[in-house]
Amino acid sequence: MLIEYKNVEVFQETQEVLRDVTFSVDEGEFVYIIGKVGSGKSSLLKTLYGELPIHEGEAYVMGYDMCGLRRKYLPELRRKLGVIFQDFQLLTDRTVDANLRFVLRATGWNNKVEIDERINEVLTLVGMETKGYKLPSELSGGEQQRIAIARAILNNPKIILADEPTGNLDAETSKLITELLHKVVDEQGVTVVMITHNLRLVECYPGRVFECKDKVFIEINGLKKDIKKQIAQIENNNDENQEEDDFEIIENLTNLDTAGELTDEVMGNLDEVEDNVEDKTDNDYKTTKQTSLKPDLFEILEDLVEVE
């Protein structure tokens, strides 16, 4: 795993913003982080590149122990990361080409031919191969963000961290930038962790979705996957101890609602299923499961796919 967090507490100075953060991200994944302003999204992202320290829990980024990492090793970590900001943060006094050249030289590149080749490669990837001579002020917001993406992938990072990269862009340009980041994942095998408020982008360009809410960090679409897996188990269960196993699975389904993601109607259906099971005798269980329990579960499944 490229990122592994377990029971991490995230603080902004002395204020706790997220508690018990547990998640992992593998190579080639696209991850969205959503949530209201001030919910801890950017603070969490800053812990991934060492801008905010972690004092509680376990946290590893590309094998680096973020809880015990000394500051002298931060540059080494950050050279393996690409970071994209909402306000682009390009050097305004030099051309696109010079911006990229500055980054490469600062990270140890010395061979002019190799530098020129790499700059041409990344500009071509983001569709800006003819803009190298321009100053940032001569580019549109979308073009500047494309250059920021090119800068982020210069050193072939394993992870790109994008903090609201479409926040200052119009709707159409936001789609193009998100599409470009997905292209980077597909073609370069990079992992992208992107903060966004734009839920339409999440719908148009699917990925794993985590939400920061009330100091809790939870994977939203992961909840549906877990529920569907549990329902498949109960539908296919033909073991001798199936009644006991089904009770356990129903309990697991109910416990999945730790973040209040399921509607009251869905939870009510789960209660009805449990009541149906309790009303059956052991002798009748296998028969009644086929006629009563399964239809209820199919109805629940239909409700669950509507959960946002």
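See above for the structure.
Chemist: Report on the sheet that holds strand β4 (residues 56-61), specifying residues and quantitative values.
Modeler: A sheet is described by the order of its strands in space; here four strands give the open sequence β2-β1-β4-β5, paired in antiparallel fashion. The open sheet has two free edges, formed respectively by β2 (15-25) and β5 (64-65), since each of these has just one partner strand. Note: strand β1 (residues 3-12) against β2, seven bridges, orientation antiparallel. Bridge pairing links Val 10 to Leu 18 in β2. Against the sheet, helix α1 (residues 41-48) touches β1, β2 and β4, its axis set at about 125 degrees to β1.

Chemist: Help me get a handle on the packing of aromatic side chains, residues and values and all.
Modeler: For the coordinates displayed, the defined rule picks out five aromatic pairs. Ring centres of Tyr 5 and Phe 23 lie 5.2 Å apart, and the angle between their planes is 50 degrees; this geometry places the pair in the tilted category. Placement of the pair is Tyr 5 in strand β1 and Phe 23 in strand β2, with a sequence separation of 18 residues. Classification of Phe 23 by relative accessible area gives buried; the value is 10%. When the centroid spacing of 5.1 Å and the interplanar angle of 65 degrees are considered together, the rings of Phe 23 and Phe 217 count as edge-to-face. Note that Phe 23 is positioned in strand β2 and Phe 217 in strand β10 (residues 216-219), a separation of 194 residues in sequence. In this pair, the class of Phe 23 matches that of Phe 217, namely buried. Grouped by ring-pair contacts, the aromatic residues Tyr 5, Phe 23, Phe 210 and Phe 217 constitute a single cluster.

Chemist: Mind laying out helix α3 (residues 96-106), listing which residues take part and the relevant values?
Modeler: Val 96, Asn 99, Leu 100, Arg 101, Val 103 and Leu 104 are the residues of α3 that are buried. Where the residues of α3 are buried, they touch α4 (112-125) and α5 (141-152). In the segment just after α3, Gly 108 is the residue with positive phi, at about 100 degrees.

Cut-offs used in this document
- Residues numbered from 1 in each chain as written.
- Predicted model: local features only at pLDDT ≥ 70, side-chain atom pairs only at ≥ 80, totals over all residues.
- Heavy atoms only, no water.
- Pairing = 2+ DSSP bridges.
- Helix = DSSP H or I, 4+ residues; strand = E, 2+ residues; numbered from the N terminus.
- Contact = heavy atoms within 4.5 Å.
- Axes fitted to C-alpha atoms, helices over the stretch in contact; angles between N-to-C directions.
- Phe/Tyr/Trp six-rings, centres within 6.5 Å; stacked < 30°, edge-to-face > 60°.
- Buried < 20%, exposed > 50% of the residue type's maximum accessible area, 1.4 Å probe, protein only.

Scope: geometric values only; no functional claims are made or implied.
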